[in-house]
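Summary of the model geometry
Next come the chains, spelled out residue by residue.
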Amino acid sequence: MGDIMGSITDIVVDGLKYPFNDVNKYLGFGVIQVIMSALFMGAFASTGYYFVQAYKTSVSMGLDMIDLSVVSPAMIIVSAVLFVLGLIVFVYISGYEFNILKFSISKNNELPAFNDYVGILKDGLKMIAVKIAYAILPGILFLLGLMLSVNDNVGAAVNVIGSFILAIAIIFAIIVAFFLIMATARMVDMGTLRSAFDFREIYELISNMGVVQYVGILIFLAIAIAIINLAASAIFEIFGFAVALVLPTALASVFLVMILSSLLIDSFTSLATYRVYGSVYNVAQGNYDFNESETEDSQDSEDTSAADSEEEATGDVVDSEEAVAVDDDVSESEDEVSEDKEADEK
């Protein structure tokens, strides 16, 4: 149990440290997260503004229902453009997460570059396709259970069945999520979409690692990320509240909190999470050395001790040379005094 807990801690701590291996790329990825959040927020705000204006205009005209034709469709066009741009950035972010996985599996401690735009977008589409495919069946079960459990027209017995289906859907979704993590890592490693659906191989990878260790790492990671996010969010909210007291509008503080959260929290979460996913895949394949970090620390300590010993030895040699020089000076002084005495006697 101690070995398992130690390995879980090593992998998660390595993931939490990973974003700080290159702060510039960490912040650069955060800027991309900010752009995506701003585009989606703008799209939803434009859509909301359009429907509000349509409602006000319809009421002023005495209409019983909202007539969307009474408002210019320009806002809807703007909303659609912003939403499409946001989707493109979302695909790019998914592709960058693909590369984080690839770097982690190859034991590359650097953060991926941003300049292969076409390749990153292609990889992002692969990631999204796999996630959608894995989400289809749990999503259908969840919607079916939800509709049956809340529909008062089908009877109490059907409501109970719907609640049962809903519970099964949630449990099934959790199991699928655990498989999805290993599936995406395998797809990145093998380079084919088909690899993400080789369920027998994925199950063998999880079994090789051990279900307890696998689930333990993911739960520990989720807890660590949640604590960090809650602490950072609380700080940002306090800061945003302070800004709202100074500025004439509270909207500015909302945007400020959104920017800080996307820049620092969302980017950190993605980098740390996919770093851990890659390490988990390496453990399942038997390619992760838990003693590597300890060996590096020991090597650093040995190097430091050797350097200190060398400095001490050098200092001893210098002291010895200085002592010899002093003895030589004393001998020369004594010889000079003897010569002076002999000269005086003569």
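Read on for an overview of the structure. Just so it is clear, the structure is predicted and the values come from calculations on it, not from any experiment.

Notes on the pattern of salt bridges
- Tallied over the full model, the rule gives three salt bridges.
- Two residues, Lys126 and Asp123, come together in a salt bridge whose shortest N-O distance is 3.9 Å. Pair noted here: Lys126 and Asp123 are both in helix α4 (residues 117–150), with a separation of three residues, about one helical turn.
- A residue is classified by how much of its surface remains accessible, and Lys126, at 30% relative accessible area, is partly exposed.
- With relative accessibility at 11%, the residue Asp123 sits in the buried group.
- Note that Arg186 is salt-bridged to Asp198, the shortest N-O span being 3.5 Å. Taken as a pair, Arg186 in helix α5 (residues 156–190) and Asp198 in the loop between α5 and α6 (199–209) lie far apart in primary sequence, 12 residues in all.
- Judged by relative accessible area, Arg186 falls into the buried class, the value being 10%.
- For Asp198, a relative accessible area of 31% puts it in the partly exposed group.

Some details on the nonpolar core
- Judged by nonpolar contacts, the single largest core of 55 residues is most densely connected at Met182, Tyr214, Ile217 and Leu271.
- Mapped by element, the contributors of at least two residues to this core are α1 (2–17), α2 (23–60), α3 (74–105), α4, α5, α6, α7 (211–246) and α8 (251–285).
- Ranked by residues supplied to this core, first place goes to α8 with 10 residues.
- Those residues in contact with Met182 that sit more than four places away from it in its chain are Ile202, Leu205, Ile206, Tyr214, Val280, Tyr281 and Ala284.

Some points on α4
- Most pronounced at Ile136, the bend in α4 amounts to some 40 degrees, and the proline Pro138 follows within four residues.
- Residues of α4 that are buried include every one of Gly119, Ile120, Asp123, Gly124, Met127, Ile128, Val130, Tyr134, Pro138, Gly145 and Ser149, and no others.
- Buried positions along α4 lie against α3, α5, α6 and α8.

Some points on the side chain of Ser79
- Secondary-structure assignment places Ser79 in helix α3.
- When neighbours within four sequence positions are excluded, Ser79 is seen to be in contact with Ala43, Ser46 and Thr47.

Some thoughts on a nonpolar patch on the surface
- A grouping of Phe142, Leu143, Leu144, Leu146, Met147, Val150, Ile170 and Ile174 is seen on the molecular surface, where their side chains present a nonpolar patch of about 730 Å² in accessible area.
- When residues of the nonpolar patch are traced back to their parent elements, those giving at least two are α4 and α5.
- By residue number, the principal contributor to the nonpolar patch is α4, which donates six residues.
- Structurally, the position occupied by Phe142 is in helix α4.

Description of the packing of α2 against α3
- Remark: α2 packs on α3, axes separated minimally by 8 Å, with the N-to-C direction vectors making an angle of 155 degrees. Relative to α3, the element α2 lies roughly antiparallel. Crossing geometry of α2 relative to α3 is assigned as left-handed.
- Here the contact of α2 with α3 is built from residues that sort into 22 nonpolar, six polar and one charged.

Remarks on the packing of aromatic side chains
- Following the criterion strictly, the structure yields 13 aromatic pairs and no others.
- Geometrically, the ring pair formed by Tyr92 and Tyr117 is tilted, given 6.3 Å between the ring centres and 35 degrees between the ring planes. One end of the pair, Tyr92, is in helix α3; the other, Tyr117, is in helix α4, and 25 residues separate them in sequence.
- Cluster of aromatic residues (ring-pair linked, three or more members): Phe20, Tyr26 and Phe268.

The rules behind these values
- Residues numbered from 1 in each chain as written.
- Predicted model: local features only at pLDDT ≥ 70, side-chain atom pairs only at ≥ 80, totals over all residues.
- Heavy atoms only, no water.
- Salt bridge = Lys/Arg side-chain N within 4 Å of Asp/Glu carboxyl O.
- Helix = DSSP H or I, 4+ residues; strand = E, 2+ residues; numbered from the N terminus.
- Buried < 20%, exposed > 50% of the residue type's maximum accessible area, 1.4 Å probe, protein only.
- Core = buried A, V, L, I, M, F, W, Y, C linked by side-chain atoms within 4.5 Å.
- Contact = heavy atoms within 4.5 Å.
- Bend = angle between axes of the 7 residues up to and from the residue.
- Patch = residues over 30% accessible without salt bridge, like charges linked within 9 Å, V, L, I, M, F, W, Y side chains within 5 Å.
- Areas by Shrake-Rupley, 256 points an atom, 1.4 Å probe, with all protein chains shown as cover.
- Axes fitted to C-alpha atoms, helices over the stretch in contact; angles between N-to-C directions.
- Parallel < 35°, antiparallel > 145°, perpendicular 65-115°, else oblique.
- Left-handed = near helix turned anticlockwise from the far one by under 90°.
- Nonpolar A, V, L, I, M, F, W, Y, C, P; charged D, E, K, R; others polar.
- Phe/Tyr/Trp six-rings, centres within 6.5 Å; stacked < 30°, edge-to-face > 60°.

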